[in-house]
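Structure at a glance
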Amino acid sequence: MDVLNLWLWLWVLFSLGFYSGGFNLDLDADRLPAWSVLVNASLGPGWVYALDGTRTPSYWRRFISIGELDGTVRLSGKLNCSFLPRNPAPFYVRLRSITSADRVSIRIDPVLRGPKCPVRRERSSSPDVSLDLRSDLLPTSCLPTQVLFHSILKSLPPFLFLRPTSNLHGLSCEVEGRETRLLPGGVLEPCVPSDGRAELLLLCRGPNFKNSWLRLTMRPDPQLRRRGVGGGVRPGCPPHQVGCGGGGNVGARRGRRATNTAPQFQLPNYHVSVPENEPAGTRVITLRALDPDQGPPGRVHYHMEALFDSRSNDLFQMDPDTGGVVTLWPLDRESKDTHVFKIVAADDGIPRRRSTAYLTVTVSDTNDHAPAFELTQYRVSVRENVEAGFEVLTVRATDGDAPSNANMVYTIVNGDGDNADFEMDPRSGVVRTRARPDREATARYQLVVRADDQGRDPGPRSATATVHISVEDENDNAPQFSERRYEVRLPEDLPAPNRVVQVQASDPDQGPNGLVHYSIVSGNVRGQFYIHGPTGVIDLVGPLDYEAVREYHLRIRAQDGGRPPRANATGLVVVRVLDANDNAPMFVSTPFQASVPESAAAGASLIHIQAMDADAGANGRLEYRLTATAPGFPFAINNSTGWVTVATALDREAVELYTFGVEAVDGGVPALSSAASVAVTVLDVNDNTPTFPRRQYELRVSEDAAVGGSVLALSAVDRDANSVVSYQITGGNTRNRFAVSSQAAGGLLTLALPLDYKQERQYVLTVAASDGTRADSTQVTVDVTDANTHRPVFQSANYQVTLGEDQPAGATVAVIAATDEDTGENARITYVMEDNVAQFRIHPATGAITTQVELDYEDQASYTLAVVASDNGVPQKSDTAYVEIIVVDANDNAPQFLRDLYRGAVPEDAPVYTSVLQVSAVDRDSGANGRISYTFQGGDDGDGDFVIETYSGNIRTARKLDRENVAVYRLRALALDRGVPPLRALVDVQLSVLDVNDNAPVFLTEEMVLSVPENSAVGSTVGRVAASDPDQGSNAQILFQIVEGNQQEVFQLDVFTGDLVALSELDYEARAEYTLVVQATSAPLVSRAVVHVRLQDVNDNPPVLGDFQIVFNNYVSDRPGGFPAGVIGRVPARDPDVSDRLRYDIVEGNELQLLLLDRDSGDLSLSRDLDNNRPLEARMEVSVSETIEVRGAPEDGPVGGPRGQACWAPEDSLSGAPEDSLWGPRRQPVGGPRGQPVGPVPTS
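In this report, we go over the structure that sits alongside the text. In this text, all values refer to a predicted model and were calculated from it rather than measured experimentally.

If you trace the backbone, Gly824 turns up in the loop between strand E62 (818–819) and strand E63 (829–833). Distance from Gly824 to Gly873, taken between C-alpha atoms, is 8.6 Å for residues 49 residues apart in sequence.

As structure tokens, this is what we get:
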């Protein structure tokens, strides 16, 4: 383990401060962005990192992740205090050395800050840092304190207990509640009792971490234990040997140094950086291991092997003699950015000695990848008139280079001119509107966007894409007439049908929004005109009559087909009717009759001949002349006025009756004329006045009475004989509507011109009766009764009203009214709809239009009703108007997603902001009510792992995904319209994370022990190595192999199952333990674990006892206590089976009990009976048997064994010589306090 690097890092950690145990982190729960680095737990190469799954609460795994190779702890999700049961809530980082069995566990205490994150500080009893280190100590009854602290000082960082200029002051540790203090000159206690335990737990505190605890677990190295190397046993002393020292002898003698020294690297870990894309053969580093030996033992060879990823072996090569490392191929950082190798240096000595170092090659990035857009051509549409700042779309470019060479900046290349209506966020790639787009100004935009990666080595790279933006039309323009006023002149005799004029209006909108329909709103009072809706052509469909209407003002409306439609009713067509000479003069009465007394003077007015011409101007200007007269005719006529006067004196006796003609000629071309006859009776002069019998007459005449029809017969009585009474209207004959003719029976009042109830409803006529000299008059009151001469007329031929679709049934839409100039029943109007429209009804008397059902804008946006207004006259007359009802949209439709469930998949290694899928919803409403934006329902965004674009519905990744953490995301997308209040819709989105092989296999334990009975059958399975891979499918397929420790090919590991099979016989006495390094491969990722195969001893060897000899020379003296009373040695028996217990017995030859034998230990003592000067030689037979101790059962009896014989031959006493014992050869010792080797002693 690189202890120095570990403690330097821990010094940085502890210097940041602790709160009540653990590393204290202050985190802002609201502002801390995802993938922020919380802690860099890196110790350099040779270590792997993970969250301690057994101690870290499960809720933390949602928020944090750790790099397996770099040790960086990052925030992988948005922090939420509601998930934490307490604050601070600790988590634990576990570090494991891949070069040794050392372990480090660090506790980190994040403190979340925020308005909803209360902090409750609690003292924790768990240690801040836990160390699990291999030591070179063997368990004894009492570990020397000096040796113990020496091991601690080699493993702990100095900052934990030393000041910069101090030494060992201040460190205190507790062992099982007993405190031991370390002083500058030594320790207070001579040793630390451990009770022979294999592990030692120390809780230590120092001045620099007085508020924190350090847990140290010292595990003896099993290899050292097996070899007997340690503080309690002298090297080279086999067990049970008499005379070897016991435990606790710190000053035991060391064995001789081996002549072959292992090579040594200068550093345990090497780190080097190599730029990518360098040519093959590029030098990486040269590693050297020093070996002070001479000759072959000092000759070093090198070998390298990839850790974690087998692909690294194909990219690098190491010179076996020089240790130089070069590349075999150009490196690609985007494929793999870190390569970790195990370097082995071995000499040529016998046995070969090896040492290991670790090399980490980091591939530094060069800007060799240009940005790449998701699409080269983006196509999107946007409605015109959206507000400034509207998000049109998001473009995304990715770059495989490192972040420093992939810091993307987006720009619009051609952002001038029309394209200035758009802007682009340089970081997010969001294209927004800068101004409201106007389709009529620019219907399509083509933006060229560029992504620059800001790289510096060798320089920046960029890519471009084209964004095609189509502006969708909205009905924001009303039709506009090409002319505000159209004027046309039409002769009244123009035949129908005939084209009058064409009006034109243009609408810059598109499609139905720009399709114009024309209608006549007003002015078409008699219905003589018709307009063709699609073209605007106005036709004459009825005859014109200048005399009736001389000028028409037609109001024209142009309406588009949008929803809702827009209209312009400013169009005006003025039709002037030109008079034609189509009316001949018409006399008011024919024949004309008059009488004149014969005494009438010349120039006297006789009769007014009156004719009328409906034409105007010259066409209606009349001239009168007499016809059928002879020269000297006594009457004349005024050409202009038509008065007939007496031209010469009359003579009744000569001519009593004159008959002549009168002609009226107009001034038209050609001229039209009419003729009438006149009869003039010359009267005799008399003195009686004609008298009417009544002074007043009253009568009713319908206005539709026929011209020329009789109105009233009058008679005046003249008592003169042969008197002839003539009648004429002398007053009240407005517009010359009536005429009177003289007849024999009296005067006949007739209708000369059509009556008009609207103009005059009553005439008071004065009718005079004259006999030529005398006259009388009467008053005739004529009441004109109304006839159904007028049809109802609407104020407008077309009505347009709007109605919200949310109005209830029975709501009033509009009230339309027509007028009728008639009276009475002729003017009482009844309203009906020409075609029955089920959604509406009209009140027959008031013209109020109401709804019968609730309307739905989405089913039908407009209705056109034809309303007929009919009077109740006979014959019935009517008029028709068109009512256009525009239904105004209400926000009554929630958005609807096109699918009930969206499913998508994304690889777990997809870059951030990768587009996964697009959700889409529609809204049947229009305008803002139908404009949809998208978001996630609160909390259903995969804990912040995904974002959704507001207007496109495109779902993108917001951070790196991990299928092993979350395999399937169940999101809920929300679509909202912009109505008031807004309506919404929800849809489930299921996103599957596709697996990539990003996890190395993980062994169930990093170090495992298999206990195998010796003598297991060859080919038998002795154990199984198990590993798991959190990936899926083929990515989780694991292959096993043995990579170290199987030099003699004792074992074979099944590549698929992990079964460990014995290939040769296993003998505990030959080798008690095998240490194998096994590798699990999920190509190209690998993991390793250590497997200790420990053989269990089986009683397959008998005890061994050879003949031995004891020679004892006793010199008798008066010194008390001179005779040896203690143990003088041990029976030299042994059993290769370590589990056996030997039992010693003297079978024969010791009947006098001269030699005392301990049956359990084999220790020998001498009897006091030998304290004399008599030589003695005795031959004894010693038996050694073995017993097997079985846990939970009585001890077995002797199982037999060969018998050994020993001979004891005393020598003659030598005066003055010291007491001593003589032993056989050293290679068969039996022990004793002062034994020395001698040869066999013959019997004297």
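Additional details are given in the paragraphs that follow.
Quick look at the side chain of Asp889 now. Relative to the elements of secondary structure, Asp889 occurs in the loop between strand E67 (878–888) and strand E68 (896–897). Among buried charged residues, Asp889 stands out as having no salt bridge; its nearest opposite-charge side chain is Arg563, 7.5 Å away. Apart from the residues within four sequence positions on either side, Asp889 is in contact with Glu805, Tyr857, Glu858, Asp925, Ser926 and Asn929.

This next bit is on the pattern of salt bridges. With the rule as written, the count across this model stands at 42 salt bridges. A salt bridge links Glu949 to Arg956, with the shortest nitrogen-to-oxygen separation between them at 2.7 Å. For the salt bridge of Glu1073 with Arg1094, the shortest nitrogen-to-oxygen distance reads 3.5 Å. With a gap of 21 residues between them, Glu1073 in strand E84 (residues 1073–1082) and Arg1094 in strand E85 (residues 1085–1096) connect regions that are remote in the sequence. Relative accessible area serves as the criterion here: at 32%, Arg1094 is assigned to the partly exposed category. Here the salt bridges do not stand alone but share partners, grouping Arg383, Glu387, Glu472, Glu474, Arg931 and Arg978 into one network.

Attention now goes to the nonpolar core. With 29 residues, the main nonpolar core has Phe587, Val596, Ile609, Phe635, Phe660 and Val662 as its most contacted residues. Looking at this core, the elements with two or more residues in it are strand E44 (592–597), strand E45 (605–608), strand E47 (622–627), strand E48 (635–637), strand E49 (643–646), strand E50 (657–666) and strand E51 (673–683). In contact with Phe587, other than residues within four places in its own chain, are Phe592, Ile609, Gln610, Ala611, Tyr624, Val662, Glu663, Ala664, Ser674, Ala675 and Ala676. Counting residues in each nonpolar core, the second largest holds 28 residues, with Leu51, Cys81, Ala89 and Phe91 among its members.

Let us now look at unusual backbone geometry. Here the residue pair Ile350 and Pro351 is connected by a cis peptide bond, since its omega of 0° sits within 30 degrees of zero. Here Pro351 lies in the loop between strand E23 (338–347) and strand E24 (354–364). The residue after Ala496, namely Pro497, is reached through a cis peptide bond having omega -5°. Even without glycine at this site, Asn736 takes up a positive phi of about 55°. Here Asn736 lies in the loop between strand E54 (726–731) and strand E55 (738–743).

Okay, the sheet that holds strand E38 (residues 516–522) next. Spatial ordering of the open sheet is given by E35-E42-E41-E38, a layout of 4 strands whose pairing is mixed. Whereas interior strands pair on both sides, the edge strands pair on one side only; in this sheet they are strand E35 (485–491) and E38. Pairs of neighbouring strands in the sheet enclose a mean axial angle of 30°, with direction left out of account. Note: strand E41 (residues 551–560) against strand E42 (residues 567–578), 8 bridges, orientation antiparallel. Within the sheet, the bridge partner assigned to Arg555 lies in E42 and is Leu572.

Scoring rules and cut-offs
- Residues numbered from 1 in each chain as written.
- Predicted model: local features only at pLDDT ≥ 70, side-chain atom pairs only at ≥ 80, totals over all residues.
- Heavy atoms only, no water.
- Helix = DSSP H or I, 4+ residues; strand = E, 2+ residues; numbered from the N terminus.
- Buried < 20%, exposed > 50% of the residue type's maximum accessible area, 1.4 Å probe, protein only.
- Lys, Arg positive; Asp, Glu negative; His and termini not counted.
- Salt bridge = Lys/Arg side-chain N within 4 Å of Asp/Glu carboxyl O.
- Contact = heavy atoms within 4.5 Å.
- Core = buried A, V, L, I, M, F, W, Y, C linked by side-chain atoms within 4.5 Å.
- Pairing = 2+ DSSP bridges.
- Axes fitted to C-alpha atoms, helices over the stretch in contact; angles between N-to-C directions.

None of this, on its own, says anything about what the molecule does.
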